[in-house]
Amino acid sequence: MSAPLWTVDALVAAMRADRSGALPAAIGGISIDSRSIAPGQAFFAIRGDTHDGHTFVAAALENGAELAVVARDKLTLGPAEGRTLVRGELPADAPLLVAPDVLEALRDLAAAARARSRGRIVAVTGSVGKTSTKEALRLALSRDGEVHASVASFNNHWGVPLSLARLPESARYGVFEIGMNHAGEITPLTRLVRPDVAIVTAIAPVHLEFFRSVEEIADAKAEIFLGVAPGGAALLNRDNAQFARLARAAAKAGVDRIVGFGEHAKADARLVRYALQPEVSTVEADILGHRVAYKIGAPGKHLVVNSLAVLAAAHLVGADLALAALALAEQAPAAGRGTRIELAVPGGSALLIDESYNANPLSMRAALALLGQAPIGARGRRIAVLGDMLELGDRAAALHRETTARVRAAELWAVGAHAGDFAAGARGAATPPRVFDGLEPLAAALAEALAPGVVVLLKASRGVRLERVLEGLELES
């Protein structure tokens, strides 16, 4: 039987919480979702932008939660026993830990998790590639010992503390993704995580709605260096235009070692040669003086470059470099981040590359390059189905046009407020761009276009919900 994640005594001490009801001795996990909570876990009643977790405390306990962490101002007197209840819905002996603020309690618990951990910690930020790099690190480090990594894209003001609070004391490595939309958001998160290695994948024109320039974005991402532990390292993309700016910020923050990765001749983790196949990539690299040849189980130049940071980080935290490199052969894209889906069509199958989870100019160009490499059948065609890239501010129209200016190997289909800008950028393409006024007509046209050998790319920001066009398409089992 595995050891508990936290004893209740440790929870009380870390969160400075009060006890109420029939509490267990320990918990096996932490959740903020009453629907998916597993037996033995603690439910933290976080107040979000749209929902208050206190509404779901009763459901969480009914679904097997060992206890719930609730805010003091949500408690009321019980009508009979005089005990505290949440909204009068729970019995007097309901297992509760009561804190002034649940999110602050979660942050305190995260700090306690970091303080007790003897594991080596890696944190990842950047405009693109955070989640895929985090998942590659999880895979690479797992060959060397127990790894704990944040799930999904839990990289914001509640996702990072939740992920860190889940860090088992026994973990040899921890991997955390840190994101931001505004300046100042990364600072408290990196100081909580205190990484031994901080990776910045790349800086791109993302969230320009909230920043005046790409340089300001770089400065916001550079906040990650403020939390790097003594003796730690910063891993920076040597090919990115913001490398020097980030390196200066890391040095100013007192980071002991600055490591560049990329194709640049002066990169410490340097790409020597590579080959891109439709479904895999093969790589030869020099990782901090060690020559390594390996395979990545997913296609794309961006994954090749970021694999250099993954292996450099693995080496810096003491993992076996050869084992880490071998593990990358099992890397696969996450849902909506390059997932390849076979679609059954009369006479054969078509291929859909699902990149619908998110988009920005840099990742959009990478996805279009990936589409251009995809083999097509004798009568096949490549179709790039693109939706809006959000949060680009005043430069949105120009960036949409620039993104499609070099589309030549595929037909362009566009939808959304900036569909016309996408089309204008691709005006010189061999096949005239198509603009759709909604997802329904787009989906109908796509269903008609599917044929053996056709390859389709779906790419847009999450808010566009481009994945809806998949509804009704017959997926091959």
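Above this note sits the structure.
Nothing here was measured: the structure is a model prediction, and the numbers come from that model.

Some details on the layout of surface pockets
Moving on, step 1. Estimated volume of the second largest pocket: approximately 730 Å³.
Moving on, step 2. Class assignment of the residues belonging to the lining of the second largest pocket gives a composition of 9 nonpolar, 9 polar and 6 charged.

Quick word on the sheet that holds strand β4 (residues 29–31)
Moving on, step 1. With mixed pairing, the 5 strands of this open sheet are ordered in space as β2-β9-β6-β5-β4. Each edge of the sheet is formed by a strand with only one pairing partner; in this case those strands are β2 (18–20) and β4. When the angles between neighbouring strand axes are averaged without regard to direction, this sheet yields 25°.
Moving on, step 2. Direction of pairing for β2 relative to strand β9 (residues 96–99): antiparallel, over a ladder of 3 bridges. If you follow R19 over to β9, its bridge partner there is L97.

Quick notes on the packing of helix α4 (residues 130–142) against helix α9 (residues 301–316)
Moving on, step 1. Look at α4 against α9: their axes get within 9 Å of each other, and the N-to-C directions meet at 45°. By the angle class used here, α4 and α9 are oblique. Classified by chirality, the crossing of α9 by α4 is right-handed. Seen from α4, the contacting residues are S132, T133, A136, L137, A140 and L141; seen from α9, they are L303, N306, V310, A313 and A314.
Moving on, step 2. Its residues assigned to classes, the contact of α4 with α9 shows 8 nonpolar, 3 polar and no charged.

Observations regarding the side chain of N237
Moving on, step 1. Considering the arrangement of structural elements, one finds N237 in strand β14 (residues 233–237).
Moving on, step 2. Among the polar contacts listed, one links the side chain of N237 to the backbone oxygen of T201, at a separation of 3.0 Å.
Moving on, step 3. From its side chain, N237 meets the backbone nitrogen of D239 in a polar contact 2.9 Å long.
Moving on, step 4. When sequence neighbours within four positions are dropped, the list of residues in contact with N237 reads V200, T201, A202, F243, F261 and V305.

Here we look at the pairing of strand β21 (residues 382–386)
Moving on, step 1. Within β21, 5 of the 5 residues are buried, leaving the element largely enclosed by the surrounding structure.
Moving on, step 2. Burial along β21 is two-sided: the residues R382, A384 and L386 and I383 and V385 are all buried.
Moving on, step 3. In this sheet, strand β24 (residues 455–459) lies alongside β21 in parallel orientation, the contact comprising 5 bridges. Residue pairing for β24: R382 is matched across the bridge by V455.
Moving on, step 4. By the bridge criterion, 4 bridges tie β21 to strand β22 (residues 411–415) in an arrangement that is parallel. Its bridge partner being in β22, V385 is matched across the sheet by W413.
Moving on, step 5. With helix α12 (residues 396–403) bridging β21 and its parallel neighbour β22, the resulting β-α-β unit is right-handed.

Looking at the nonpolar core
Moving on, step 1. Membership of the largest hydrophobic core comes to 84 residues, with the highest contact counts inside it found for M15, I30, F44, L97, L109 and F225.
Moving on, step 2. Considering each element in turn, this core owes the most residues, 7 residues, to helix α3 (residues 102–116).
Moving on, step 3. Counting residues in hydrophobic clusters, the runner-up holds 41 residues, among them V124, L141, L235 and A314.

Rules of the game
- Residues numbered from 1 in each chain as written.
- Predicted model: local features only at pLDDT ≥ 70, side-chain atom pairs only at ≥ 80, totals over all residues.
- Heavy atoms only, no water.
- 1 Å grid on protein atoms, 1.4 Å probe; cavity = no way out; pocket = protein on both sides within 12 Å on 5 of 7 lines; lining within 4 Å.
- Points joined across faces, edges and corners; volume = space filled by probe spheres on them.
- Nonpolar A, V, L, I, M, F, W, Y, C, P; charged D, E, K, R; others polar.
- Pairing = 2+ DSSP bridges.
- Helix = DSSP H or I, 4+ residues; strand = E, 2+ residues; numbered from the N terminus.
- Axes fitted to C-alpha atoms, helices over the stretch in contact; angles between N-to-C directions.
- Parallel < 35°, antiparallel > 145°, perpendicular 65-115°, else oblique.
- Left-handed = near helix turned anticlockwise from the far one by under 90°.
- Contact = heavy atoms within 4.5 Å.
- Polar contact = N/O pair within 3.5 Å; in protein donor to acceptor, adjacent residues only side chain to side chain.
- Buried < 20%, exposed > 50% of the residue type's maximum accessible area, 1.4 Å probe, protein only.
- Right-handed = clockwise from strand over helix to strand, strands pointing away.
- Core = buried A, V, L, I, M, F, W, Y, C linked by side-chain atoms within 4.5 Å.

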